[in-house]
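So the chains spell out like this:
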Amino acid sequence: MAKKKQHTVLKVPAIEHGTVIDHLPPRAALTVVRILAVLEDLVTIGVNLSSHVMGRKDVVKIANRKLSPDEVAKIAIIAPRATLNIIESYVVVKKYTVTPPDVVEGIVRCVNPSCITNHETVRTRFSVLKAEDGSLRLRCAYCERAYDRQEIEIV
Ligand SMILES: [Zn+2]
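Residues numbered from 1 in each chain as written. Predicted model: local features only at pLDDT ≥ 70, side-chain atom pairs only at ≥ 80, totals over all residues. Heavy atoms only, no water.

Observations concerning the domain arrangement of the protein
Domain annotation of the protein identifies domain 1 (18–97) and domain 2 (103–154). The C-alpha centroid of domain 2 is placed 23 Å from the C-alpha centroid of domain 1. Between domain 1 and domain 2, the contact holds 11 residues from the first and 10 residues from the second. Summing both sides of the interface, domain 1 and domain 2 together bury roughly 860 Å²; the carbon and sulfur share of this comes to 70%. The largest per-residue losses of area from domain 1 upon contact with domain 2 belong to K74, I77 and P80, which jointly make up 54% of the total buried on that side. (Domains from an automatic or database assignment. Contact = heavy atoms within 4.5 Å. Buried area = accessible area lost by both parts, 1.4 Å probe.)

So, in structure tokens, the structure goes:
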């Protein structure tokens, strides 16, 4: 007789005020924590949670913090389908899907070693190319090299 299946569910605690970043692709949670540098905030990370939409997903909850437009743009680059939930008094007061910007400035490093942005103090600038399947490519405005989302380095 088969043993009763054990379900291990990660219960992420609710936060009173703050932001929940949902529908991150698996393994994106730690990158999000790093780029947001949320060292003083209470952060809860859920990794590989089951998702009806995505199969597996990561979730990051940050207490007492709202994201700046720059931070939202960074998240949209690494997780183009992420949803943000703004929580006030345990209630979701706003929920929206991030929109990758058309241009990102200063938040992505060009990994081409001969690019001028790695030799002079130039603010990096990338065009965001959106494919129909929702994937992104970024093209450096200086050396014109294009990168997949997986190849880029967030500053
Ligand atoms: Zn470049």
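Topic: the coordination of the zinc ion
C110 (SG), C115 (SG), C140 (SG) and C143 (SG) make up the full set of protein donors to the zinc ion, lying at 2.3 to 2.4 Å. Spacing between the donor residues of the zinc ion along their common chain follows C-x4-C-x24-C-x2-C. One end of the pair, C110, is in the loop between β7 (108–109) and β8 (125–130); the other, C140, is in strand β9 (residues 136–140), and 30 residues separate them in sequence. Here C110 matches C140 in class, with each residue buried. (Donors = N, O, S within 2.8 Å, 3.2 Å for Na, K, Ca; no water. Helix = DSSP H or I, 4+ residues; strand = E, 2+ residues; numbered from the N terminus. Buried < 20%, exposed > 50% of the residue type's maximum accessible area, 1.4 Å probe, protein only.)

With respect to the environment of E40
Structurally, E40 is set in the loop between α1 (29–36) and β2 (43–51). Sequence separation between E40 and V72 is 32 residues, and the spatial gap between their C-alpha atoms is 19 Å.

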